[in-house]
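Spelled out from the first residue to the last, the chains are:
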Amino acid sequence: HLHSYTERYLINHQPITEERFASLMERLKPLLEKMVAEGHEHPTEFEVCTALAFLYFFEEKVDFLVLEVGLGGSIDSTNVVPHPLVSVITNVTFDHMDYLGNTITEIATVKAGIIKKGGQVVTAAWYPEALEVIEEQCREKGAGLLRVGKEIS
């Protein structure tokens, strides 16, 4: 977000109201406290906000949801979506190395964890080793792949 935390949750370019955001967070709070009381690790801020997003967009009955990941791939809380219409791996670079790995291949392997069986994937990855990982995951999972600059100009 640039100006307000609420701009993370937009419907038709309109952010969630601060009141609605607070109300949803209050509804989630007892569930988060229960998780911790039961011995689970406290969810991260991103995980809490992802849960809030799912609740908000479900209640608003949106037709389509563009959901941006955090770290991405297999370790991202957004990976709970079972059958997305499309999964996008914008690029694979040396980011979040403390979580994703120290090489492009390691990072691509984690990011490719977003690829679902029979799904559709779009990528702008350009490192050959990243493309190799993404292409292999698509083959293994029977997912379609479109590459920016090749199939998509």
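Above this text you will find the structure in question.
Below: a short report on this structure. Just so we're clear, the structure is a prediction, and the values are computed from it rather than from any experiment. (Residues numbered from 1 in each chain as written. Predicted model: local features only at pLDDT ≥ 70, side-chain atom pairs only at ≥ 80, totals over all residues. Heavy atoms only, no water.)

**Some thoughts on the layout of surface pockets**
A volume near 1,500 Å³ is recorded for the largest pocket. Lining the largest pocket are 44 residues, with L65, V66, L67, E68 and V69 sitting closest to its centre. Listing elements by their share of the lining of the largest pocket, those giving two or more residues are β1 (10–11), α2 (45–59) and β3 (87–89). A total of seven residues in the lining of the largest pocket trace back to one element, the largest contributor, which is α2. Class assignment for the residues of the lining of the largest pocket results in 24 nonpolar, 13 polar and seven charged. The calculated volume of the second largest pocket comes to roughly 190 Å³. Taken together, T44, F46, E47, G70, L71, I75, D76, S77 and Y99 make up the lining of the second largest pocket. (1 Å grid on protein atoms, 1.4 Å probe; cavity = no way out; pocket = protein on both sides within 12 Å on 5 of 7 lines; lining within 4 Å. Points joined across faces, edges and corners; volume = space filled by probe spheres on them. Helix = DSSP H or I, 4+ residues; strand = E, 2+ residues; numbered from the N terminus. Nonpolar A, V, L, I, M, F, W, Y, C, P; charged D, E, K, R; others polar.)

**Looking at the pairing of strand β5 (residues 144–147)**
In β5, alternate side chains face the same way, and those of L145 and R147 are buried while those of G144 and L146 on the opposite face are not. The pairing of strand β4 (residues 120–123) with β5 spans four bridges and is classified as parallel. Bridge pairing in β5 links T123 to R147. For the segment spanning β4, helix α5 (residues 128–141) and β5, crossover handedness is right-handed. (Buried < 20%, exposed > 50% of the residue type's maximum accessible area, 1.4 Å probe, protein only. Pairing = 2+ DSSP bridges. Right-handed = clockwise from strand over helix to strand, strands pointing away.)

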